[in-house]
Amino acid sequence: MDFKGLSRDKILKLLKKVKEEDLTYDSGRILGSMCTSPHPIAKEVFCEFIESNLGDPGLFKGTRALENDVIKMIGELLGDPNVVGHVVTGGTEANLMAMRAARNIKGLVKPEIIVPKSAHFSFKKAAEILRLNLKEAALGPDYRVDIDSVGELLSSNTVAIVGIAGTTELGLVDPIPELSRLCEDEGVYLHVDAALGGFIIPFLKEAGYDIPDFDFRLKGVTSVTIDPHKMGLAPIPSGCIVFRGREYLDSMSIETPYLTEKQQSTIVGTRSGASAAATWAIMKYMGREGYIRVVKDSMKITHFLARELKRCGFELVTEPQLNIVAFNSPDMPPEALAHQLGLKGWSVSISSYPPAVRIVLMPHIKKEHIEAFMEDLTRI
Ligand SMILES: Cc1ncc(COP(=O)(O)O)c(C=O)c1O
C-alpha cells in the first residue's frame, strides 16, 4: 500500500478501466452462470443497509426483524411458515450449516452423508470440514438420483441424505417425495439442496407446471437450501438455510460472550445485514406474481433454445426441466466447442456428467441473445 492516498476521481477512473475487463450480464454473453443482474431496488436497499452487521444483531434490531421476515416468507414459499434459519452467504454456506446440524444432532462417532453423484461440490467441502464420510449415490438413466442406490448406501452411520431440487449441471429435480418417504421410514435427516430450484419451482408449480413437491410439504424434509442470489434477483451474497425446527439451529449454537446476543449458530460471525434487507426488499417488490412472470419468461427462452438446438442437429442431454440446457455437437467435443464459442465472446460452461456444453437461461438472457448465439454456433 502506498503511503499517500489517491483522490476519489483517480480511484474511480482506475476502477472504471479494471471493470472493462469484466463481462456484464447485460451483454447477454454470460451463458453459464446461475447468478444474474440484481434488481435495481435490491441494489439500492443493499447500499442503504451496508453498515448493518447481523453478527451482532442486538445493535441492528430492525435489520434482524427483516432477516426473520425473509425466513418467514421463504418458509411460506416452501410450505411451512414456522421454519427457522438464516440469510447466509450462499448455497455453500447453507449446505455446510445443514450438514453440521445433521451431524451434531445425531452425534455419531463415524458420521456419513449420502449425496447424489450430481450434488454440488459444496458437499465435498462440508464433508472435509466436518469430517464426514461422503458416499455418492448413483444416478438413474434420467440423471436423477437412484433411490435404490441411496437405500444400498444407508447404514447405521448415516446422519443425512441429500436430494437436489435443481441440479447444478442439468437443472433436474431429484425424486424428493421418494427420498422423503425413505427418510421418514428410516428416521434419517433429509436435506434438500434447492439453491437453484427454490426460487423457480414454487412459481412454476403455481403457473401450472407439473413438478412434484420438494419442500416442507413432505414430512421427511428436515432442511432446505434456497438462494435468493440466483433466480431471486437479490445481490450477492444472499443464500438461505431453513430448518423444520429450532433444535437444528440449537444443535450448532456457540456462546458469544462479548456480543449483544449470547448464542450464535451461523458459521460466519460478522455478516452482512445488507443481504437480508435487499432480499426482503426484492421479495416484497416482486411478490409471487412477479417471480411467476420471471420464471415463465426464463422457461420460454429455455424451450426456445432447446428447440433451436434440436432443429440444427445438436443433441440435448435431456429435455430441460428447469432453466438449464446441456447439449453436444455430433462433430466436436464440448471443450473444443466451448473454446470456439469463447473466441466469439460467448461464455458457456461445461458439465462434467455427462460432458456437455451447459447453458443457464437466467433473466439477463433474451431471445435476441439466443438468436445471435445460434448463428455463431451453427457457423462454428
Ligand atoms: C445446487 C447448488 N447448490 C449449492 C450451490 C452453491 O451455491 P453458492 O455458489 O452460492 O455457494 C450451487 C451453486 O451453483 C448449486 O447449484
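Residues numbered from 1 in each chain as written. Predicted model: local features only at pLDDT ≥ 70, side-chain atom pairs only at ≥ 80, totals over all residues. Heavy atoms only, no water.

As annotated in UniProt, the feature "modified residue: N6-(pyridoxal phosphate)lysine" (unreviewed entry) corresponds to Lys230 in the numbering used here. By the element assignment, Lys230 lies in the loop between β6 (221–226) and β7 (239–243). A residue is classified by how much of its surface remains accessible, and Lys230, at 12% relative accessible area, is buried. Within polar-contact distance, the side chain of Lys230 engages the side chain of Asp227 at 2.4 Å. (UniProt positions renumbered as here; feature names shortened; annotations may be inferred. Helix = DSSP H or I, 4+ residues; strand = E, 2+ residues; numbered from the N terminus. Buried < 20%, exposed > 50% of the residue type's maximum accessible area, 1.4 Å probe, protein only. Polar contact = N/O pair within 3.5 Å; in protein donor to acceptor, adjacent residues only side chain to side chain.)

Think of it this way: side chains of opposite charge can pair up when their charged atoms draw near. Under the criterion given, the structure shown has 16 salt bridges. Where Glu76 meets Lys72, a salt bridge forms, and the shortest distance between an N and an O atom there is 3.4 Å. With Glu76 and Lys72 both in helix α3 (residues 61–77) and 4 residues apart, this pair spans about one turn of that helix. We classify Lys72 as partly exposed; its relative accessible area is 41%. Residues Glu206 and Arg288 are paired through a salt bridge, measuring 2.8 Å at the closest nitrogen-oxygen approach. Linking Glu206 in helix α8 (residues 201–206) with Arg288 in helix α10 (residues 273–311), this pair joins segments that are 82 residues apart in sequence. Look at Glu206 and you get partly exposed, because its relative accessible area is 42%. Three or more residues joined by partner-sharing salt bridges are found here, namely Glu375, Asp376 and Arg379. (Salt bridge = Lys/Arg side-chain N within 4 Å of Asp/Glu carboxyl O.)

The next subject is the nonpolar core. Within the largest apolar cluster, 68 residues are counted, with the highest numbers of intra-cluster contacts made by Ile74, Ile161, Ile176 and Val192. When residues in this core are grouped by element, the largest group, 11 residues, is from α10. Built from parts of two domains, this core gets at least three residues from each of domain 1 (13–39 + 287–379) and domain 2 (41–284). Excluding anything up to four places from it in sequence, Ile176 contacts Gly163, Ile164, Leu190, Val192, Asp213, Phe214, Leu218 and Val221. Counting 27 residues, the second-largest nonpolar core is a separate cluster that includes Met97, Ala101, Tyr248 and Leu249. (Core = buried A, V, L, I, M, F, W, Y, C linked by side-chain atoms within 4.5 Å. Domains from an automatic or database assignment. Contact = heavy atoms within 4.5 Å.)

Gly91, Thr92, Thr168, Asp193 and His229 are the nearest of the 13 residues found near the ligand. At a separation of 3.1 Å, an oxygen atom of the ligand approaches a polar backbone atom of Gly91. When the ligand is considered free in solution it has 390 Å² of accessible area, and contact with the protein chains removes 83% of it. Among the elements that line the shell around the ligand, the one with the most residues is helix α4 (residues 91–106), at 3 residues. In terms of residue class, the shell around the ligand is built from 2 nonpolar, 8 polar and 3 charged. (Near = heavy atom within 4 Å. Areas by Shrake-Rupley, 256 points an atom, 1.4 Å probe, with all protein chains shown as cover. Nonpolar A, V, L, I, M, F, W, Y, C, P; charged D, E, K, R; others polar.)

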